[in-house]
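An overview of the molecular structure
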Amino acid sequence: MDIFTDVVTLSRIQFAFTVAFHFIFVPLSIGLGLIVAIFETKHYRSGKQEDAAAANFWLKIFTTTFAIGVATGITMEFSFGTNWADYSRFVGDIFGAPLAAEALFAFFLESVFLGVLLFGRKRVSRRFYMVSAWLVWGGSMLSALWILIANSWMQTPAGAELASDGSKAIITDFFAAAFNPSTAARYSHTVLSLLVLGAFVSIAIGGYYLLKGRHKDFAVKTAKVGAVVGCIATALLLVSAHSTAVGVAEEQPTKLAAMEGQYGDEPSALYLFGYVDAENEKVVAPVAIPGGTSFLATGSFDTVMPGLNSLSETEKFGALDPHDIPVNAIFQSYHLMVACFGLIALVLILVFLGLKKPSLLEKKWLQRLMLIGPLFPFVAIQAGWMTAEVGRQPWVVYPSTTGPDGISLLTADAISPSVSAPELLLTMALFILVYVFLFVAWVRVIGRFLKEGPQNVELHDAVAKDGE
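Residues numbered from 1 in each chain as written. Predicted model: local features only at pLDDT ≥ 70, side-chain atom pairs only at ≥ 80, totals over all residues. Heavy atoms only, no water.

Remarks on a positive patch on the surface
This is how it is decided: For patch detection, residues must exceed 30% relative accessible area and be free of salt bridges, and they are connected within 9 Å for like charges or within 5 Å for nonpolar side chains (Val, Leu, Ile, Met, Phe, Trp, Tyr). The Shrake-Rupley method, run with a 1.4 Å probe sphere, supplies the accessible areas, and residue values consider only the shown protein chains as cover. Just to be clear on terms, a salt bridge is a Lys or Arg side-chain nitrogen sitting within 4 Å of an Asp or Glu carboxyl oxygen. When charges are counted, neither His nor the chain ends are considered; positive counts come from Lys and Arg and negative counts from Asp and Glu. Note that the charge is assigned to NZ on lysines, CZ on arginines, CG on aspartates and CD on glutamates. Labels follow the DSSP assignment, with helices taken as runs of H or I lasting at least four residues and strands as runs of E lasting at least two, numbered in each case from the N terminus.
A cluster of basic residues, Lys42, Lys48, Lys224 and Lys356, forms a positive patch at the surface. One can find lysine 48 in the loop between helix H1 (7-46) and helix H2 (49-82).

Structure (structure tokens):
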């Protein structure tokens with residue numbers, strides 16, 4: 001089969017696999033970091049042993065997830081040089097600063113204060129310990145910012161110019177590059193999604209212990225924290241989703257057209273579900289709101305949005321061949337993300353009703369729904385990431401509407417020319433073996449923590465609550 005000899009496709013599959021696996025643990029660690037900080041704050045205020053036990057339980061879950069996330073992230077750093085050398089040469093002048101800042105500032109901050117949480121409970125004041133929990137979460141949020149600055153620049157380049165020999169992008173304005181047109185919207189949308197996942201894991205842990213009939217007080221408390229965080233983050237997610245969609249419509253018209261399977265110029269319809277008939281260049285769907293996407297993007301149902309065919313005939317997007325990009329895959333991933341959002345809202349409503357009416361919370365069906373709840377935000381995150389990354393093809397650096405002239409890079413021109421198909425297949429097989437081992441190890445460790453439940457921790461009575 002051609003796929004086993006196509007170096008570009010294999011390079012993309014390998015990187016997509018490593019990113020998708022890494023992105024299991026990054027959302028969890030950022031989302032759970034907030035849960036740890038909230039429970040540590042509860043312990044600081046109450047001084048109760050049960051609150052310390054709850055905070056310590058979440059700290060163990062967070063630390064295990066954080067460690068696997070760090071290990072799986074190293075692979076991607078190396079692949080920039082091994083598999084994507086031409087890409088690295090093109091963006092190196094831009095990416096050097098945010099990637100270095102992520103390591104030096106964000107990761108350093110997160111790691112140092114995680115050390116305080118792991119080894120300093122009896123050595124520092126309770127106030128400093130509580131602040132350390134928030135700094136760990138803040139470090140993870142700062143890390144996400146630097147990474148998304150780099151990724152957003154690939155989507156909507158700014159603050160750069162093409163070198164005279166055309167070989168690379170040269171930074172001309174750091175702040176324009178860092179805060180490019182999509183940074184703010186994509187950062188808020190991504191981080192809120194991660195907080196929703198963390199909240200749903202908290203709800204799931206509560207559902208697990210309710211289902212087992214163990215640690216009921218802890219189960220209700222952790223479900224309540226998850227429900228509150230989830231509700232706030234989900235409400236804000238609607239705002240960020242709209243802002244992100246408007247940005248895509250303005251800066252990445254080919255991506256928007258693929259998301260809705262639109263080939264011709266017309267008011268873009270809004271579909272609940274369906275599939276793209278690429279051969280006949282139309283969407284087959286039982287329900288559609290004519291002009292619905294146009295309204296969300298521009299405020300008018302009559303706004304004509306450009307389709308893939310006309311965009312491919314323009315100078316800026318002339319490298320696009322509508323029949324070579326996986327339009328149906330982009331369409332499906334986008335609508336899967338939206339469908340999962342509806343399920344997220346439904347679960348949150350039911351959990352809130354259960355917390356208000358204890359008899360409902362005792363229902364096994366609700367407890368099981370709480371237990372599987374994290375699947376919905378997890379699938380939404382992965383589907384959203386697929387939409388964002390596959391949707392910009394065939395470019396790895398997208399020629400956005402307001403981007404500097406000449407700043408774009410085709411994916412086919414970004415790979416390392418010296419890497420062969422057999423080498424890619426071999427490394428993918430090795431990655432699968434190692435990642436399966438890491439995942440099984442993570443599941444077993446988390447399973448042990450769940451079996452043990454929140455346990456009493458030894459507190460240092462000599463350290464006063466106010467740190468004096």
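Describing the confidence of the model for the protein chain
For clarity, the threshold we go by: On a range of 0 to 100, pLDDT expresses the predictor's confidence in each residue. Contact between two residues is taken to exist if any of their heavy atoms lie within 4.5 Å; hydrogens are not considered.
Across the protein chain, the average pLDDT comes to 90, with 97% of residues at 70 or higher. In this model, residues 461-468 is a region of pLDDT below 50 whose contacts with residues beyond four sequence positions or in other chains number 13 contacts.

Observations concerning the packing of aromatic side chains
Definition in use: What counts as a ring pair is set by centres within 6.5 Å for rings of Phe, Tyr and Trp (its six-membered ring), and what kind of pair is set by the plane angle: stacked under 30 degrees, edge-to-face over 60, tilted for all other angles. Relative accessibility decides the category of a residue: with a 1.4 Å probe and only protein chains considered, values under 20% of the type maximum give buried, values over 50% give exposed, and everything between is partly exposed.
Applying the stated criterion across every chain yields a total of 29 aromatic pairs. For the pair phenylalanine 174 and phenylalanine 175, a centre-to-centre distance of 5.4 Å together with 80° between the ring planes defines the contact as edge-to-face. Of the residues examined, phenylalanine 174 reaches a relative accessible area of 32% and is grouped as partly exposed. On the accessibility criterion, phenylalanine 175 (59% relative accessible area) is exposed. A centroid spacing of 5.4 Å and a plane angle of 80° characterise the contact between tryptophan 395 and tyrosine 398, whose relative ring orientation is edge-to-face. A relative accessible area of 2% places tryptophan 395 in the buried class. Given a relative accessible area of 0%, tyrosine 398 falls into the buried group. By the ring-pair criterion, three or more aromatic residues cluster together here, those being Phe17, Phe21, Phe25, Phe431, Tyr435, Phe439 and Trp442.

Describing the side chain of arginine 186
Mapping arginine 186 onto the fold places it in helix H6 (residues 183-212). Here arginine 186 falls in the buried class, since its relative accessible area comes to 10%. With residues near it in sequence (within four places) discarded, arginine 186 still touches Leu148, Asn151, Ser152, Gln155, Thr244, Trp385, Ala388 and Glu389.

Observations concerning the environment of valine 225
With respect to the helices and strands, valine 225 occurs in helix H7 (residues 216-251). The exposure class of valine 225 is buried, given its relative accessible area of 13%. Measuring from C-alpha to C-alpha, the distance between valine 225 and isoleucine 203 comes to 7.9 Å, with 22 residues separating the pair along the chain. Not counting residues within four places of it along the chain, the set of residues in contact with valine 225 comprises Ile35, Ile38 and Phe39.

With respect to empty space enclosed by the protein
Heads up, the condition is: Only protein atoms enter the calculation, which uses a 1 Å grid: trapped sets of points that fit a 1.4 Å probe without letting it out are cavities, open sets showing protein on both sides within 12 Å along at least five of seven lines are pockets, and any residue with an atom within 4 Å of a point is a lining residue. Grid points are joined across faces, edges and corners, and a volume is the space filled by probe spheres set on the points. Basically, the charged four are Asp, Glu, Lys and Arg, the nonpolar ten are Ala, Val, Leu, Ile, Met, Phe, Trp, Tyr, Cys and Pro, and anything else, Gly included, counts as polar.
Within this structure, the stated rule accounts for one cavity of 30 Å³ or more. As a volume, the largest cavity reaches approximately 60 Å³. Residue lining of the largest cavity: Ile94, Phe95, Pro98, Ile149, Ala150, Trp153, Ile171, Phe174, Ala177 and Ala178, and that is the complete set. Mapped onto the lining of the largest cavity, the elements with two or more residues apiece are helix H3 (85-119), helix H4 (126-155) and helix H5 (174-178). Classifying every residue of the lining of the largest cavity gives ten nonpolar, no polar and no charged.

Brief notes about unusual backbone geometry
Cis geometry is found at the peptide bond from glutamine 393 to proline 394, where omega equals 15°. If you trace the backbone, proline 394 turns up in the loop between helix H14 (375-390) and strand S9 (395-397). Here the phi dihedral of glutamate 281 falls at roughly 55°; this positive angle occurs in a residue that is not glycine. Relative to the helices and strands, glutamate 281 is located in the loop between strand S5 (275-277) and strand S6 (282-284). Given the relative accessible area of 30%, glutamate 281 is considered partly exposed.

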